[in-house]
Amino acid sequence: MVYSLDFVIETHKEDLKRIIAEYSEELNNKNFTGIYKKFANDYFLIPAFTALLLKNNINPLIYMNEVPKYFAKYLDIKEFVIPDNIAEIEYCAFENCSILTDVTIGSGTTIIHNYAFNNCERLTSIRIPKSIHYIWADAFRNCSKLKDIYYEGSKKDWENIEMEDDNYLLYNATIHYNS
């Protein structure tokens, strides 16, 4: 089940008003990292804050160095481009984004954490940069429609990526090297 940005914003309206009031200086300075860290374990408020930003055409990742855990959990985003400045995609960052179909990971990303794309049931393809060197267990769990991986590097580069167990869906997909 996914939720529209509007629904998530409306559901968490009071909390979001409080964040805007309490963190106005951070918002004005685009210090999104500090705000996300403050609510790091709140897997309802983090995607609500993301929904508010995305609804206002603000991609906070442009100003950050990692995709925070729970970043877009349950949100109804269809496509997403992770900017080049992102080094890591944290735990459950896009979990249950079940309508997400085409993800592009920027060239600065090195690590994809556990369950980062868990239950992205419609994810059919993904662009992975050569910079990736570690993929944690179950990073793409229950992404059964993942058929095409467009990998920036060579087959040898791909084989050098450390992948923990339970990433069999990556092995079953067609890998398009040097893409």
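Residues numbered from 1 in each chain as written. Predicted model: local features only at pLDDT ≥ 70, side-chain atom pairs only at ≥ 80, totals over all residues. Heavy atoms only, no water.

Asks: Is there a simple way to think about the packing of helix α2 (residues 13–22) against helix α5 (residues 45–55) in this case?
Replies: Two quantities define a packed helix pair, namely the angle between the helix axes and the distance between the axes. Between α2 and α5, whose axes approach to 10 Å, the crossing angle comes to 70°. As judged from the angle between their axes, α2 and α5 are roughly perpendicular. Residue-level contacts link Asp15, Leu16, Arg18, Ile19 and Ile20 of α2 to Leu45, Ala48, Phe49 and Leu52 of α5. Across the contact of α2 with α5, the residue classes tally to 7 nonpolar, no polar and 2 charged. (Axes fitted to C-alpha atoms, helices over the stretch in contact; angles between N-to-C directions. Helix = DSSP H or I, 4+ residues; strand = E, 2+ residues; numbered from the N terminus. Parallel < 35°, antiparallel > 145°, perpendicular 65-115°, else oblique. Contact = heavy atoms within 4.5 Å. Nonpolar A, V, L, I, M, F, W, Y, C, P; charged D, E, K, R; others polar.)

Asks: I'm lost on a nonpolar patch on the surface in this one. Help?
Replies: A cluster of nonpolar residues, Ile58, Ile62 and Tyr63, forms a patch on the protein surface that exposes about 270 Å² of accessible area. Within the fold, Ile58 resides in the loop between α5 and β1 (66–67). With a relative accessible area of 32%, Ile58 lands in the partly exposed category. (Patch = residues over 30% accessible without salt bridge, like charges linked within 9 Å, V, L, I, M, F, W, Y side chains within 5 Å. Areas by Shrake-Rupley, 256 points an atom, 1.4 Å probe, with all protein chains shown as cover. Salt bridge = Lys/Arg side-chain N within 4 Å of Asp/Glu carboxyl O. Buried < 20%, exposed > 50% of the residue type's maximum accessible area, 1.4 Å probe, protein only.)

Asks: Any chance you could explain the environment of Ile35 here in plain terms?
Replies: Mapped onto the secondary structure, Ile35 falls in helix α4 (residues 32–38). The class of Ile35 is buried, set by a relative accessible area of 0%. Along the backbone, Ile35 and Glu66 are 31 residues apart, and their C-alpha atoms lie at a distance of 13 Å. Contacts of Ile35, omitting those with residues within four sequence positions, involve Ile19, Tyr23, Glu26, Leu27 and Phe49.

Asks: What's the story with the packing of aromatic side chains in this structure? I'm lost.
Replies: Aromatic rings in a pair are described by how distant their centres are and how their planes are angled relative to each other. The final tally for this structure, using the stated rule, is 18 aromatic pairs. Taking the centre distance of 5.9 Å and the plane angle of 80° together, the rings of Tyr23 and Phe39 count as edge-to-face. One end of the pair, Tyr23, is in the loop between α2 and α3 (24–28); the other, Phe39, is in the loop between α4 and α5, with 16 residues separating them in the sequence. Taken as a pair, Tyr23 and Phe39 share a single burial class, namely buried. Measuring from ring centre to ring centre gives 5.3 Å for Phe94 and Phe117, while their planes differ by 0°; the resulting arrangement is stacked. (Phe/Tyr/Trp six-rings, centres within 6.5 Å; stacked < 30°, edge-to-face > 60°.)

Asks: I would appreciate a short explanation of the pairing of strand β4 (residues 102–105) in the present structure.
Replies: Side-chain alternation along β4 places Val103 and Ile105 on a buried face and Asp102 and Thr104 on a face that remains uncovered. In the sheet, strand β2 (residues 79–82) pairs with β4 via 4 bridges, with the strands oriented parallel. Across the sheet, Glu79 pairs through a bridge with Asp102, a residue of β4. Two elements, β4 and strand β6 (residues 125–128), share 3 bridges in a ladder whose sense is parallel. (Pairing = 2+ DSSP bridges.)

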